[in-house]
Every structure is written in structure tokens, then in C-alpha cells.
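Listed below are the residues making up each chain.
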Amino acid sequence: MVVPRIPYTLPFPPPTIYPSHAVTLPAAIAAVTDFLHSRNTVLLTGAGISIESGLADYRGEKGTYRLNNKYRPIFFGEFAGSHESRKRYWARSFLGWPTMENARPNRTHMAVSNLGELGVVSHVVTQNVDSFHHVCHPKLPTTELHGTLRTVTCLTCHSEHPRIPFQKTLARLNPKWADFLQTAIEVGAFNKNNREESIKTNPDGDVDLPGAPYTKFRYPPCPKCLEETHNGTVLIDNDGAHIPKPDDGSMKGILKPNVTFFGESISEIAKKEASKAVEEADNLLVLGTSLATYSAWRIAKAAHEKGMGVGIINLGGVRGEDLFFSSDARGERIRIEFASGDVLGGVVKELSGIDHKALDTANEDTVKRAGGIGLGG
Ligand SMILES: [Zn+2]
């Protein structure tokens, strides 16, 4: 059996800034403003833009892989094939959910929304599963390349169900875990500023508690499959917790977060949607991602091969970025190394001519109205 590996655990080489004078923030803002002006741009975003919302990134500032030693994301095969793996996954996800639910979009998402309204950004392709684009700019088309945590989906009937009521069911089925979670929240254990006692939420919205009794965790089956089962293929206990049939390896009625796990193919629909958006655009602007996953890398590569403008705003090196700046690059090029919020906020102000304070106030109101993943439906 081939053991699937997480790609690119080593840092990428540092970038060469382009244009070379864009090493100050005003120059970087001017370069990005020129890049976006009067063009139709697609954005490709990654975990780097959600750090300001308090969510973890897989990579450190300079592109190093910084997962803690004990943490390894679950692979699809493990989840689909093992009841024990699912218990462990859902227990950790149960504990990580409040952090995810309470997180809010940040100034980068707001700037993206503004750029959509200004007519220079036509589409967003994101690798993030936090739903921030979805809630922050519902009118600007967004493709969630790796799915979303706001829903769970059934491996059998592919029905989708919102995560919030699912969390309530997990709490009902696991009262001791629910008590633990409540206490942890009350003592501020999830507060990232409380370094001594904090419980760390991983980028996929789950939490690792070494030694926790994962094997006792219970989770429900797909309600639709349960309702339709006439021959007892989906079994539950008296409280409604799923009892997979022993030894038959059946995946009937198994619910999974609606995200692409490692070792799983990304949705064909998302892939096509992203390709079409890039096909119709003049520029691609990469934001807050090192393009380590192939699905994201191939989008940037396609834009380069098509002769489109390719811009990158990222702290730290990006996979194979030399290619985009090679002598056969036909479109415009920019490479900026500042926080995306600083750069895009400045670009919006340049392009819109709006008074800075008025824009900040309007954006704060929008974030409040938008809420977070929990309100994304
Ligand atoms: Zn189902």
C-alpha cells in the first residue's frame, strides 16, 4: 500500500520581489493597483489570509511546515474505512468547532469584497474551508476548491446538512465531552493569547487532546439514509448514535465534513468552475498561499501558460514561483511580500478614492452583518 504523504514539508526558497522597488508598502500598493486596474482578475487564496481571523495556518511565516509533531491531518481512506478513526475525528472536530464558529472574516476578505464591488475582481477561488469569502461577499462568485466546514455530507446519498445542528447532536450524544468543552471555553482554554493553558485548534478546525478517550465518542448517521433504510442497513443505538455494521466495511450513511481530505480528489464541479473563471480572466492574483497543494498550483500554472498576468502576494516562498517569472512569461508580473490586508486595503483606497475612515467603518459594519461560518447557511 502506498502511504499518502503531505507534500512539501520543507520551506520554499525566498521570493524575488517584482517590480524590484516594491519593497516598501506604498510601492507594493502602487504595483498591485496597476496590476488590477482596468482588468478582470481572479483571486486564488489560501490559509495565509485567515491567520488574522485567529485561524492556524499549515505553514509558518517563511513557508516552513509548522504542524506540531503529534498532529497529522486525517486521510480520507482512514475516515471512510474505520469507525475508530471517525470517532477520533469527530471528537477532535467537536472540540475545535466553537473556535471555527466564532471566527470572523478579516480586512483581507473585506478588501476582496470591495475589489469585487469596484469591478476589478470577478471571481475568487479559495483553498480555505472557513467560509469567510462565502459570508463576506456573497455576491462575488467564490469557488471553494477544498469544500467547506459549514456543512457535513453523506458518503452514501451525498445529502448535505448544516454543521451547527450537527454539533448540537454531537453534544447530546456525548454529554461528558460537552461539559468538558463548556468548561474549557469558560476558563479561556481556547484563547490563543492565553499561551500557558491554551488548547490549540488545528487548521482543519480540530483539536488534539493527548490521552482523551476518543474511542467512547459517538456520532450520528446521515438522517436521510436512516429514514430511508428499510432493511436495517443503517443501525443506531437508543440515543441515535451510529453503529456501523461489524466487519462489513459498509460506508452506508456515514457523514463527513464537506471538505476534501488528504488522499481524496477535489470535486470535479469545483475544478471546472475554477478553470472556467481563470479562462475568462486577464489576471490571476495569488494571495496568502504557497501553492503547495497540486490543485492550487495547477491553476496558477494554467494562467501562466495561457499568457495571463500572474501576481503573488505571500509572506514566504511559493512552490515553483520561478516559473511565473521566467523569460517566457507573457503577461504582467508582480511579486509582493507584505501582509495581504495591508496591501489590498491600500489598493481599495487607491482605486475607489474613498475616504479611508469611511471605508473602514463601512467594512466593520459589513463584517458584523456577515457574521462567521455559523451564519453562512
Ligand atoms: Zn445519506
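Residues numbered from 1 in each chain as written. Predicted model: local features only at pLDDT ≥ 70, side-chain atom pairs only at ≥ 80, totals over all residues.

An unreviewed UniProt entry annotates the protein as DHS-like NAD/FAD-binding domain-containing protein of Morchella conica CCBAS932. The record in UniProt for the protein states the following under Sequence similarities (unreviewed entry): "Belongs to the sirtuin family. Class I subfamily." (UniProt positions renumbered as here; feature names shortened; annotations may be inferred.)

Before going further, it helps to spend a moment on the sheet that holds strand 11 (residues 333–336). If you walk across this open sheet you meet the six strands as 3-2-1-9-10-11, and the pairing is parallel. Either end of the sheet is taken by a strand with one partner, and the two such strands are strand 3 (142–144) and strand 11. Strand after strand, the sheet turns through a mean of 15° between neighbouring axes, direction not considered. In this sheet, strand 10 (residues 309–313) lies alongside strand 9 (residues 283–287) in parallel orientation, the contact comprising five bridges. If you follow Leu 284 over to strand 10, its bridge partner there is Val 310. Sheet contacts for helix 9 (residues 268–279): strand 1 (41–45), strand 2 (121–126), strand 3 and strand 9; angle to strand 3, the most-contacted strand, approximately 145°. (Pairing = 2+ DSSP bridges. Helix = DSSP H or I, 4+ residues; strand = E, 2+ residues; numbered from the N terminus. Axes fitted to C-alpha atoms, helices over the stretch in contact; angles between N-to-C directions. Contact = placed C-beta atoms within 7 Å.)

So, about helix 6 (residues 163–173). Among the residues making up helix 6, those that are buried are Arg 163, Phe 166, Gln 167, Leu 170 and Leu 173. The arc that holds every buried residue of helix 6, seen down its axis, measures 125°, which confines them to one face. Turned more than 90 degrees from where helix 6 packs its buried face, Pro 165 and Lys 168 sit exposed. Contacts from the buried residues of helix 6 go to helix 3 (83–102), strand 4 (147–154) and strand 5 (160–162). (Buried ≥ 20, exposed ≤ 12 C-beta atoms within 10 Å, placed from the backbone. Arc of directions from axis to C-beta.)

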